[in-house]
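# Coordinate inspection notes
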2 protein chains.
Amino acid sequence: VSHLRDVQIAILGATGDFGGALALRLAADTDHETVVGSRDPSRARDAVEDYRETLADAGADASISGAGNADAADGADVVIAAVQAYHLESTVETVADRLGDDAILVSPAVGLDAHEDGFGYRPPDVGSATALAAETAPDDVPVVGAFHSIAAGSLAAIDEPLEIDTLVVGDDADARGQIADLAEELSGLRALHAGPIANAAVVESLTPLQLTVMRHNDGLHDVGVKFQ
Amino acid sequence: VSHLRDVQIAILGATGDFGGALALRLAADTDHETVVGSRDPSRARDAVEDYRETLADAGADASISGAGNADAADGADVVIAAVQAYHLESTVETVADRLGDDAILVSPAVGLDAHEDGFGYRPPDVGSATALAAETAPDDVPVVGAFHSIAAGSLAAIDEPLEIDTLVVGDDADARGQIADLAEELSGLRALHAGPIANAAVVESLTPLQLTVMRHNDGLHDVGVKFQ
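Residues numbered from 1 in each chain as written. Chains lettered and ligands numbered in written order. Predicted model: local features only at pLDDT ≥ 70, side-chain atom pairs only at ≥ 80, totals over all residues. Heavy atoms only, no water.

This part takes up the packing of helix α1 (residues 17-29) of chain A against helix α2 (residues 41-57) of chain A. Residue and element names in this part refer to chain A. Closest axis-to-axis distance for the α1/α2 pair is 10 Å, and the angle between their directions is 45°. On the basis of their axis angle, the class for α1 and α2 is oblique. Relative to α2, α1 is oriented so that their crossing is right-handed. Contact residues: G20, L24, A27 and A28 in α1; Y51, T54 and L55 in α2. Its residues assigned to classes, the contact of α1 with α2 shows five nonpolar, two polar and no charged. (Axes fitted to C-alpha atoms, helices over the stretch in contact; angles between N-to-C directions. Helix = DSSP H or I, 4+ residues; strand = E, 2+ residues; numbered from the N terminus. Parallel < 35°, antiparallel > 145°, perpendicular 65-115°, else oblique. Left-handed = near helix turned anticlockwise from the far one by under 90°. Contact = heavy atoms within 4.5 Å. Nonpolar A, V, L, I, M, F, W, Y, C, P; charged D, E, K, R; others polar.)

Note on placement: N217 of chain A falls in the loop between α9 (206-216) and β11 (225-227). In this structure, N217 of chain A is in contact with L192 and H193 of chain B, ignoring residues within four places of it in sequence.

Let us look at helix α7 (residues 173-184) of chain A. All names here are of chain A. Along its twelve residues, α7 runs 16 Å from first to last C-alpha, staying within 8% of the 16 Å computed at 1.5 Å per residue. α7 sits mainly inside the fold: nine of its twelve residues count as buried. Of all the positions in α7, only A175, R176, G177, Q178, I179, A180, D181, L182 and A183 are classed as buried. Regarding α7, its N-cap is D172, as a side-chain oxygen of that residue lies 3.0 Å from the backbone nitrogen of D174 further along. (Expected span 1.5 Å × (residues − 1). Buried < 20%, exposed > 50% of the residue type's maximum accessible area, 1.4 Å probe, protein only. Polar contact = N/O pair within 3.5 Å; in protein donor to acceptor, adjacent residues only side chain to side chain.)

With that settled, the discussion passes to empty space enclosed by the protein. All names here are of chain A. Enumeration according to the criterion identifies one cavity of 30 Å³ or more in this entry. One number sums up the size of the largest cavity: a volume of about 30 Å³. Forming the walls of the largest cavity are F147, H148, S149, T166, L167, V203 and L206. Of the residues belonging to the lining of the largest cavity, the class tally is four nonpolar, three polar and no charged. (1 Å grid on protein atoms, 1.4 Å probe; cavity = no way out; pocket = protein on both sides within 12 Å on 5 of 7 lines; lining within 4 Å. Points joined across faces, edges and corners; volume = space filled by probe spheres on them.)

This next bit is on the sheet that holds strand β1 (residues 8-12) of chain A. All names here are of chain A. Reading across the sheet, the eight strands line up as β3-β2-β1-β4-β5-β8-β9-β10 and stay open at both edges, with mixed pairing between neighbours. In this open sheet, the two strands that pair with only one neighbour each are β3 (63-68) and β10 (189-193). The mean angle between the axes of side-by-side strands here comes to 25°, regardless of whether they run parallel or antiparallel. Here helix α5 (residues 129-136) sits on the sheet and contacts β5 (104-107), β8 (143-145) and β9 (164-170); the angle it forms with β8, its principal contact strand, is near 165°. Across the sheet, α7 is in contact with β1, β4 (78-81), β5, β8, β9 and β10; its angle to β10 comes to roughly 160°. (Pairing = 2+ DSSP bridges.)

Bringing the relation of the copies chain A and chain B into the picture now. Overlay of chain A on chain B (RMSD 0.0 Å): rotation 180°, translation along the axis 0.0 Å. Interpreted geometrically, this transformation is the action of a two-fold axis. Considering only C-alpha atoms, the residue of chain A closest to the rotation axis is K226 of chain A, which sits at 2.6 Å. When the interface residues of chain A are mapped onto chain B, 100% of them again fall at the interface, so both copies present the same face. (Least-squares fit on C-alpha atoms with pLDDT ≥ 70 in both.)

This part takes up unusual backbone geometry. Unlike most non-glycine residues, E163 of chain A shows phi in positive territory, near 60°. With respect to the helices, strands and loops of the structure, E163 of chain A is situated in the loop between α6 (152-156) and β9. Classification of E163 of chain A as partly exposed rests on a relative accessible area of 43%. Within the chain, D222 of chain B stands out as a residue other than glycine whose phi angle is a positive 50°.

Next up on the list: the sheet that holds strand β1 (residues 8-12) of chain B. Residues and elements named next belong to chain B. Strands sit in the order β3-β2-β1-β4-β5-β8-β9-β10 across an open sheet of eight strands; the sheet is mixed. Strands at the two margins of the open sheet, each flanked by one partner only, are β3 (63-68) and β10 (189-193). The mean inter-strand angle of the sheet, taken between neighbouring strand axes irrespective of direction, is 25°. Where strand β9 (residues 164-170) and β10 come together, five bridges link them in parallel fashion. Looking at β10, one finds that L167 is bridged to L192.

Let us now look at the interface of chain A and chain B. Facing 36 residues of chain A, the contacting portion of chain B comprises 36 residues. For the pairing of chain A and chain B, the buried interface totals around 2500 Å² over both sides, and the portion due to carbon and sulfur atoms is 65%. Contact with chain B buries area across many residues of chain A, yet V202, F227 and Q228 of chain A alone supply 25% of it, more than any other trio. The interface formed by chain A and chain B includes eleven residue pairs in polar contact (both at pLDDT 80 or more). Secondary-structure elements contributing two or more residues to the side of chain A that touches chain B are β7 (118-121), β9, β10, α8 (200-204), α9 and β11 of chain A. (Buried area = accessible area lost by both parts, 1.4 Å probe.)

Under the defined criterion, the tally for this structure stands at 14 salt bridges over all chains. Among the ionic contacts, a cluster of salt bridges with common partners joins D71, D74 and R98 of chain A. (Salt bridge = Lys/Arg side-chain N within 4 Å of Asp/Glu carboxyl O.)

So, about the pairing of β3 of chain B. All names here are of chain B. The pairing of strand β2 (residues 33-38) with β3 spans six bridges and is parallel. Each bridged residue has a counterpart across the sheet, and for T34 the counterpart in β3 is I64. What joins β2 to β3 is helix α2 (residues 41-57), and the crossover it makes is right-handed. (Right-handed = clockwise from strand over helix to strand, strands pointing away.)

Honestly, that's just the spatial picture; any functional story needs more than this.
Written out as structure tokens, the structure is:
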């Protein structure tokens, strides 16, 4: 049972692969109002047209709309910065003065170091992307890291349960709990707590490992991780 | 089907929790000759007495013996340095001139940074424990990283299949393949390739994440990881 009822969820960067897939999945699997954010409001609205078609085809009764990132964040209870790590700081800055009193900012970003044979973890100087989001956000906005290790392809396959875990980090235990509850509204997704933002680096390090594993093992695509 | 037939496997540090559990599991699940190594030969022999009892109780027809680390490594086809990261360099030095022409050295070690709320990844300066083993070993001995993410408790429960993955890294593809094959002889264990030693850091980083997850989620013990 979620603490979150009738909440508004903004996904910034939701015209990208990952953000779009996360928006689709949230719209399909929850009753919450989903707002697709993009730097370009018209791209957000175009994307929403596509997502509505996909959701209608799947028989999902979803509430989804589009806006520029700052307008999307305005009034949202949960704001997910679904952008690449090197856009994270500027994206959070763009929405900082639009975040409401009770808003929770969520970071799924991971700094990657792609090389010929695989992927390494490249965090920002503050130690992790989640820590960078926390340093950039207003002091009174709790920041939670989540949804890092879920492949866009799995999120977008809204007729299939995920059957994997997501790891949730945050210094504000209540906010972390709310995002864990929200994550578990996604079909087949289990949320595991990973403690404060000091632990975000080991959480984020899982993503380059998943990409490396897919690179080196034929037949593994869109893999997530289950702790068992 | 394994490339390895009638091979001798030495587990250095096999009187410790992890090394002992790995020795037990190898003895129980494979037909290979397992040699328990320890800095103190008499401790190795005492441990073997215990392991033989456990194996007999489980009805396993196992070939297991004990020796000092250097004697254990002598003549072994696979030498697993099951020691903590800060003993890895000296342990490999101890056995370096006893490693045979076709021996493969395996490192399951991970450098951990334990703090109040969880565990971080602390690699040696060369980038990973596997890289440290490779730098310390003689040039002609291939080094493979494997078995990092398997809990000692799961290994020791020899009547239960593991049902998890292990990630295998190494610069010598043939040696890496042989160790992947050996790993898959363990009941329920799937070996996934993770490429060259340059990728060992992201592989090793999984262990502090597992420990952090166990710290923050009641009811999760001895967790491994499955990529799915």
